[in-house]
Structure formats: C-alpha cells, structure tokens
Amino acid sequence: MPVPWFLLSLALGRSPGVLPLERLIGPQNTAHCSPGLSCHLWDGDVLCLPGTIEPPPGPVLVPTRLQTELVLRCYHETDCDLCVRVDVQLAVHGHWAKPEDEEEFGGASDPEPREPSNASLQSQVVLSFQAYPTARCVLLEVQVPASLVRSGQSVGSVVFDCFEAALGGEVQIWSYTQPRYQKELNFTQKLPAALPWLNLSADGDNMRLVLDVSEEQRFSLSLYWDQVQGPPKPRWQRNMTGPQNFTLNHTELVPCLCIQVWPMEPDAIRTNLCPFREDPRAHRNLWRASRLQLLPPLGWRIDAPCSLPAEAALCWRAPGGGPCQPLVPPLPRENITVNKAFGFPLLKGHPNLCVQVISWEKLQLEECLWADSLGPLKDDMLLVETRGPQDNRSLCALEPSGCTPLPSRASTRAARLGEQLLGDLQSGQCEQLWDDGLGVLWACPMDKYIHKRWALVWLACLLFAAMLLLLFLLKKDHVKAAARVRRVLLLYSADNAGFERLASVLASVLCQLPLRVTVDLWSRRELSAQGPLAWFHAQRRQTLQEGGVVVLLFSPGAVALCREWLQDGASAPRAHAPHDAFAASLSCVLPDFLQGRAPGRYLGACFDRLLHPDAVPSLFRTVPIFSLPTQLPDFLEALQGPGAPRPGRLRERAEHVSQALQKALDGCFPLPGVPGPRCRMGPGAGDLT
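Residues numbered from 1 in each chain as written. Predicted model: local features only at pLDDT ≥ 70, side-chain atom pairs only at ≥ 80, totals over all residues. Heavy atoms only, no water.

Engineer: Got a sec to walk through the nonpolar core? Specific residues and values, please.
Structural biologist: Among the nonpolar cores identified, the biggest contains 52 residues, and Trp-300 and Ile-302 are the most heavily contacted of them. Core analysis: the second largest hydrophobic core is formed by 37 residues, Ala-503, Val-509, Phe-607 and Ala-660 among them. (Core = buried A, V, L, I, M, F, W, Y, C linked by side-chain atoms within 4.5 Å. Buried < 20%, exposed > 50% of the residue type's maximum accessible area, 1.4 Å probe, protein only.)

Now the structure itself:
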C-alpha cells in the first residue's frame, strides 16, 4: 500500500517506545551481518524443505533468537510498502571431536580431521516467511573466523531486508540451518489492521502536519514535551474523526516536541514521532524559551521545555559594558538539570556576580541574577587570593586584560592603585565573597579613587566650556551683522522705460544699506528659462522662508492691472509681456491679501510724482504704503525690520537714497516746464555718482 513521505511507526512487541520507520530504497533484498562475520544472500528464493535433525559433527552455527522490525520498501519517492526486517542471532554449539572419545564410543572418525586452532565455521541459514497467501524462503551463507569459535558463545547476528507484508495480516517466520542441527526457531506476529499515517512537510516557516486515516475512524492526537528527567509534559490533546491538517508555528518547535496519535479503541497501539531533535530552528527556539530564575538567597534555576546539554558558571561583570569575566581560579561548573534549583558555594552575594550558561563552549545565557535584590553594578575591584604550601599566598586583581599581580609595574588601573588596594585589604575594607581553603575572592570598593578622578574631569570640562564661551562672544558681532542682512523681493509693472529706470535705481541703492534685493530686471535669463510665474513662486518662497519682505512698487499701470484682476478674477483680460513678473505674481499675491496673510510679509511703495497712495486699491492698503521719497526714512526702517540701525545713521542712509531717487525722477519724469536730462537705460543707469 503506498504511503506518504514521513511516517510514524507502531510500537512492536512489549516495548512501548516507537521510532520513525526506516525507508529502504529499491526492490532488491539485502543481507548484512555483525562486524567480524561475513555473509552472502543467495539470489532468488529457495525451496522450503527443513528436513530431519542431524547430530552436529563438531562446532556448528545455529540460530538462537529471532527479532523483527517494521520498515518501508520504497520504489519511488512516495510509493512505499510495509516490510518486515528479520534479525537472526547466531551462536556456536558443539565441540571438536577427539580421537579417544571416538574410539571409546565406537564412533567413526572424521575422514578429514581439522585443526581447531585454524578452523573457521560456515553455515547455511534458512529464513521461511508465511503470510497468507504468500510463502517465501531465502538462504543466507554465514562464515565465522576461527578467533570467534567458542562453544556456547554468541558470535553476532545476520539481518535480512526484507519480507513484504500487508496490514491486518498475520506473519509467521521460521529459521533453521541446512542441514538441521536443532529444532527450528519460529516467530508469529499479527500486524494491525490500519496505521494512522502522519505526513510532516514545510509550510513556509511553519510545519504542516497531515494525518491520513479513514473517513469514519475516530482517533486522538497529542503534542507533548519528551523529558529526559521525569514524565512527559503534555501540551494539548484533541479527539477527532477522519483526515486532519494542522499547522505548527515555527516558534513552537523545540527538540523534545513529540507527536502521538492512536485510535480511540481499547488497548490501542500509540504511534509516536519526535521529528525535531536535530532541527536547528528547534534548538534556537529552545534557548530563546529558556529563562534563568532567581531563588533567594543565592540560588538559581533554569526553566526550559527540554533538557539542555549545558554547564553553568559564575563570572564577574564590571560597570562599563565590557564582557563578563570568568573567575580566576574558576569555581567548579555545574551540569544543568532544567527546572531544578542550584546554588553556588558563596559566602555572600554581590551585584557584579553573574551566571553564565555555556553549551558546547558557546555562551547561551547570561544573567546578573542578584542585581535586583543587591542593587546596580558596583565599581568594585575583584581581588583573587591564591594560597600555596607553607602559608604562601599571592594576590591578583581581575581586569579585562587578565588577572594583574599585586603589586605590579604594569600600566593597568589595578597596578597604579596596587599599594592602596593592598592597604584596603589589610585594613578590612574589602568584602569576602568565597573561600575554599585554597583561594579567596575579595571585592574592594573603588568609590574614593573614582571621586579623585572625576574632580580632574570636571575641571577639564569647565575649562573647555570657558573657551567655548569666549569664542561665542568674539563671533557675536559677526553673527548679528549677518542676521541684519534682510532679503527683499521688489515687484513692479514695467509701464515704460522711465519707470523701469526708477525701479532699477531703487533696487541698486537698497543693496547698499545693506539689503539683499531681488528684481526681475537683473534676472532676465532665469525669467526667460523658467517663465514669470515659476520664477516668482521660487523667489517668493525663498524670501519668506528667510524672513524677508515682498515690496509692491505701485505705478499707474500696476494699479490698472490690480483693478482688472479684482474685477475679472484670475483670468486676466489682456496679455502681458513675457518678462512682466508683476502681472504673473498677482495670482499668488491676491490670495495672500484676500486671506489676511499679507501683513508682515508685504510692503507697498509709490513715487510722489507719479501716484498718490490713495489711488492704490483698498485691498492692498491693509499693509503700509509709503510715498517715495517723502516717506523714505519710514520705508527703510520697515524694510530692515528689527535689525534697523540707530535713527541717526538711518537718516544718513535715507538722505543718500533720496538724492539718488530724486535725480532719477528729475531725469525720467521732469515737472512741466522744467527741462531735464533724458532718461537713460543701460550700463550705469543705476549709478549714484
């Protein structure tokens, strides 16, 4: 009957223990024997003719015991049949014949006498198998070397693989030799009617368990932890009917997790499987699930689902995050029995003493178990005293580099404080932790030496802080000067060449205050590449992020554009020049004014001779509107914000700017009847000289 890949075997004979069935690949029968013996399986079956019993001519090999085991014979990956393996124990019976004995009893002498010292034994062993309606006999030749020939002594066994059998049948097996020297051995066994097959396969990170039974069969399934010490620990058990699928989470896998299944019948045989004993994930989960527990006053216990091949030892952990150092000389290690209390032979506990759990020379667990009850780690020095013959003793201090002898000329911390530590030990300031007659462990406090060291550290920190403060004061003026340079974005409508000349002059003189001024007249290349709207968006965002201000320079043309936007909405009624940033900016400027975000971000300005402030639309008068050059001092103070210079210096700057603006106004927009120079654009147009 074909069966799945992973199987659970039945318990055979009297033993309740169950192992997974072994898989034999291929249809060939095979035989193998114990070390020292040689054996050969005849090809094909032989006739089952036991014959009559004959007296042995001397030492002969005879079968003494039969054992069977269920295995699987697999022809393909998943095509397997149940098969019975037979194990025949062999022994030597009889003695070599002696001439005088033969004469005394009238027996015939051996025509070819053999020397006992050089003779080996050879025997033909027949295995007869009957399971209705099948009957088979096979012949095994076994040879025993002379060194193993001792009368009455077992010489080993020969194993035959295997006789195929059917579930629910009864098998009978006989074993005898040819010729026969004793009564044949026989063995009868009834196989169960059905086996609950278990198929275990990977399901991603988890494991899938498939139980293959008949639709109406009722059975029980149990998961348990198989314990080396004590009875198994059940995890859960369920009663079910028919085929079932289960998923075992990968975090629940441990080496001792076993599965048991049995039909719900009286005296049912139970099938077991423990498939995770060699699974690396199960071993990792076991250590993750293991916990060290504190047992007052100085005991400890490790709780784990399964037994652990590990040892426990004490170590010393110093503050600072370094590794826990094994004690020198080491205290004896304890072999771990899980869920059992242990204790170390200490006279007194210390928060720096920790327990390490080591498996196969690898550190698995480490806990400073007594830190909760004894407080945090202390900066104590552990001194190891070793006693020799004639009351000789030596001392060393346990440090990360090893155990430093005291006194010593090394450059370690313990060597520098060696004399003081020896004095503390003699004066009784050190605490005794352990004493076994050959060695003593002392914990000496280091607090008073730490205080001296920290005093020097604090002095160095104060000196460093003073130097930083001095550097800060020296650079304070430079920082303030840099903070006063404010960014200004100047927007205007290019009504004509004369107004563009005025805007250029205003931007030039503002740059000398100092202010960082941005105007489209100086950025024609970027304006052409990006477009007026994108250029304005970028400049406005940068100006406002840096705490700057946007200046709207109003002219008759600018006022007309504003009114068009206010009357007609976002769709301007007429096209504008490609470099007219003012017209493009209104799509962003107007929302700021309409939503009340303009105060503090925007300023307005106009020239006395060209536009009265009252002509500016009322929406824009929510921010200050300055008339230039009449209100120039107030305009400059508003531009520079909180970092504006003193009033005297501000008046000087305002006068300088006023002269430059007045000169440009007279040149480009002379009063009626007053001749003036022509308004120039180009190099030097904004020069104040």
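Engineer: Tell me about the sheet that holds strand β17 (residues 271-273), and name the residues and values.
Structural biologist: Taken in spatial order, the four strands line up as β14-β13-β16-β17 in an open sheet, and their pairing is antiparallel. What marks the edges here is a single partner per strand, and that holds for β14 (233-241) and β17. Averaged over neighbouring strand pairs, the angle between their axes works out to 15 degrees when direction is ignored. Two elements, strand β13 (residues 218-225) and strand β16 (residues 257-263), share seven bridges in a ladder whose sense is antiparallel. Counted as the bridge partner of Tyr-224 is Cys-258 from β16. (Pairing = 2+ DSSP bridges. Helix = DSSP H or I, 4+ residues; strand = E, 2+ residues; numbered from the N terminus. Axes fitted to C-alpha atoms, helices over the stretch in contact; angles between N-to-C directions.)

Engineer: Account for the state of the cysteines, with residues named and values stated.
Structural biologist: One pass over the full model with this rule turns up seven disulfides. Here Cys-83 engages in a disulfide with Cys-162; their sulfurs sit 2.0 Å apart. One quick way to see it: the torsion about the S-S bond of Cys-83 and Cys-162 is about 100 degrees, and its sign makes the bridge right-handed. Here the residue Cys-83 occupies a position in strand β5 (residues 80-93), and Cys-162 occupies one in strand β8 (residues 154-164), the gap between them amounting to 79 residues. For the residue pair Cys-83 and Cys-162, the accessibility class agrees, reading buried in each case. What pairs with Cys-256 in a disulfide is Cys-306, and their sulfur atoms sit 1.9 Å apart. Here Cys-256 and Cys-306 share a disulfide; its torsion about the S-S bond, -75 degrees, makes the bridge left-handed. Here Cys-256 is found in the loop between β15 (244-248) and β16, whereas its partner Cys-306 is found in the loop between β19 (299-303) and β20 (311-316), with 50 residues between them in sequence. (Disulfide = S-S within 2.5 Å.)

Engineer: Go over the side chain of Thr-177 with me, naming the residues and quoting the values.
Structural biologist: Inspection of the secondary structure puts Thr-177 in strand β9 (residues 170-177). At 2.8 Å, the side chain of Thr-177 and the backbone oxygen of Pro-179 are in polar contact. (Polar contact = N/O pair within 3.5 Å; in protein donor to acceptor, adjacent residues only side chain to side chain.)

Engineer: Run through unusual backbone geometry, naming residues and quoting values.
Structural biologist: Looking along the chain, the bond that leaves Asp-161 and enters Cys-162 is cis, with omega of -10 degrees. Following Gln-178, the chain continues into Pro-179 via a peptide bond in cis, with omega recorded as -5 degrees. With respect to the helices and strands, Pro-179 occurs in the loop between β9 and β10 (185-190). Positive phi is not limited to glycine here, since Asn-339 has a value of about 60 degrees. With a phi close to 60 degrees, Glu-361 is a non-glycine residue in the positive phi region. Residue placement: Glu-361 occurs in the loop between β24 (353-359) and β25 (362-367). You can call Glu-361 exposed: its relative accessible area is 69%.

Engineer: Explain the packing of aromatic side chains residue by residue, including any values.
Structural biologist: Here the structure, examined in full by the defined rule, presents nine aromatic pairs. When the centroid spacing of 5.1 Å and the interplanar angle of 20 degrees are considered together, the rings of Trp-300 and Phe-342 count as stacked. Within this pair, whereas Trp-300 is found in strand β19, its partner Phe-342 is found in strand β23 (residues 341-343), the two being separated by 42 residues in sequence. When its relative accessible area of 0% is taken as the criterion, Trp-300 is described as buried. An angle of 50 degrees between the planes, with centres 5.1 Å apart, marks the rings of Phe-593 and Tyr-602 as tilted. The same class applies to Phe-593 and to Tyr-602, which are both buried. (Phe/Tyr/Trp six-rings, centres within 6.5 Å; stacked < 30°, edge-to-face > 60°.)

Engineer: Tell me about a nonpolar patch on the surface, and name the residues and values.
Structural biologist: Together, Phe-464, Leu-468, Leu-470, Leu-471 and Leu-474 line one region of the surface with nonpolar side chains, adding up to about 520 Å² of accessible area. With respect to the helices and strands, Phe-464 occurs in helix α6 (residues 447-474). (Patch = residues over 30% accessible without salt bridge, like charges linked within 9 Å, V, L, I, M, F, W, Y side chains within 5 Å. Areas by Shrake-Rupley, 256 points an atom, 1.4 Å probe, with all protein chains shown as cover. Salt bridge = Lys/Arg side-chain N within 4 Å of Asp/Glu carboxyl O.)

Engineer: Which residues make up the pairing of strand β29 (residues 431-435), and what are the values?
Structural biologist: Bridging between β29 and strand β30 (residues 439-445) involves four bridges; their strand directions are antiparallel. Within β30, the residue paired with Asp-435 across the bridge is Val-440. Connecting the antiparallel pair β29 and β30 is a turn made up of three residues, with Gly-437 showing a positive phi of about 95 degrees.

Engineer: Which residues make up the sheet that holds strand β28 (residues 402-405), and what values do they have?
Structural biologist: Paired through their backbone hydrogen bonds, the strands of a sheet run either parallel or antiparallel. Reading across the sheet, the five strands line up as β28-β27-β26-β30-β29 and stay open at both edges, with antiparallel pairing between neighbours. Of all strands in the sheet, those with a lone pairing partner are β28 and β29, marking the two edges. The sheet shows a mean angle of 30 degrees between the axes of neighbouring strands, direction not considered. Packed onto the sheet, helix α5 (residues 418-426) meets β26 (380-387), β27 (393-399) and β30 and runs at close to 75 degrees relative to β26. (Contact = heavy atoms within 4.5 Å.)

Engineer: Before we move on, can you summarise the environment of Leu-49 with the specific residues and values?
Structural biologist: Relative to the helices and strands, Leu-49 resides in the loop between β3 (38-41) and β4 (60-74). For the pair formed by Leu-49 and Val-126, sequence separation is 77 residues and the distance between their alpha carbons is 9.5 Å. Sequence-distant contacts of Leu-49, that is, excluding residues within four places in its chain, are made with Tyr-176 and Gln-178.

Engineer: Summarise the confidence of the model for the protein; cite the residues concerned and give the values.
Structural biologist: In the predicted model, the protein carries a mean pLDDT of 79, and 83% of its residues have values of at least 70. Below pLDDT 50 for its whole length, residues 105-109 participates in three contacts with residues either more than four positions away or in separate chains. With pLDDT under 50 throughout, residues 681-689 is counted as low confidence; its partners more than four residues away or in other chains account for 14 contacts. (pLDDT = per-residue confidence, 0-100.)

Engineer: Tell me about the pattern of salt bridges, and please be specific about residues and values.
Structural biologist: For the structure on display, the rule yields 18 salt bridges. For Arg-301, the salt bridge identified is with Asp-303, shortest N-O distance 2.9 Å. Residue Asp-379 pairs with Arg-413 through a salt bridge whose shortest N-O separation is 3.1 Å. Residue Asp-379 is located in the loop between α3 (371-374) and β26, and its partner Arg-413 is located in helix α4 (residues 413-416); the two are separated by 34 residues in the primary sequence. Judged by its relative accessible area of 24%, Arg-413 is partly exposed. A single salt-bridge network, built from bridges that share partners, covers Glu-385, Arg-387, Arg-393 and Asp-435.

Engineer: Residue-level account of helix α10 (residues 532-545), with values.
Structural biologist: Since the α-helix turns once every 3.6 residues, residues separated by three or four places project in the same direction. The end-to-end C-alpha distance of α10 is 20 Å, a good match for the 20 Å that 14 residues give at a rise of 1.5 Å each. For α10, the complete set of buried residues consists of Pro-532, Trp-535, Phe-536, Gln-539, Arg-540 and Thr-543. Each buried residue of α10 sits inside an arc of 125 degrees when the element is viewed along its axis, so together they form one side. Phi turns positive, to about 80 degrees, at Gly-547, one or two residues after α10. (Expected span 1.5 Å × (residues − 1). Arc of directions from axis to C-beta.)

Engineer: An account of the pairing of strand β32 (residues 515-519) is needed here, citing residue identities and associated values.
Structural biologist: With four of its five residues buried, β32 lies for the most part within the structure. Of the pairings in the sheet, the one linking strand β31 (residues 486-492) to β32 comprises five bridges and is parallel in character. The residue of β32 that forms the bridge with Arg-486 is Leu-515. Taken together, β31, helix α8 (residues 497-510) and β32 form a β-α-β motif whose crossover is right-handed. (Right-handed = clockwise from strand over helix to strand, strands pointing away.)

Engineer: So, the environment of Asp-608: which residues are in play, and what are the values?
Structural biologist: Among the secondary structure elements, Asp-608 is positioned in the loop between β34 (602-607) and β35 (625-628). According to the relative accessible area criterion, Asp-608 is partly exposed, its value standing at 34%. Between the alpha carbons of Asp-608 and Pro-629 there is a distance of 7.0 Å; along the sequence they are 21 residues apart.

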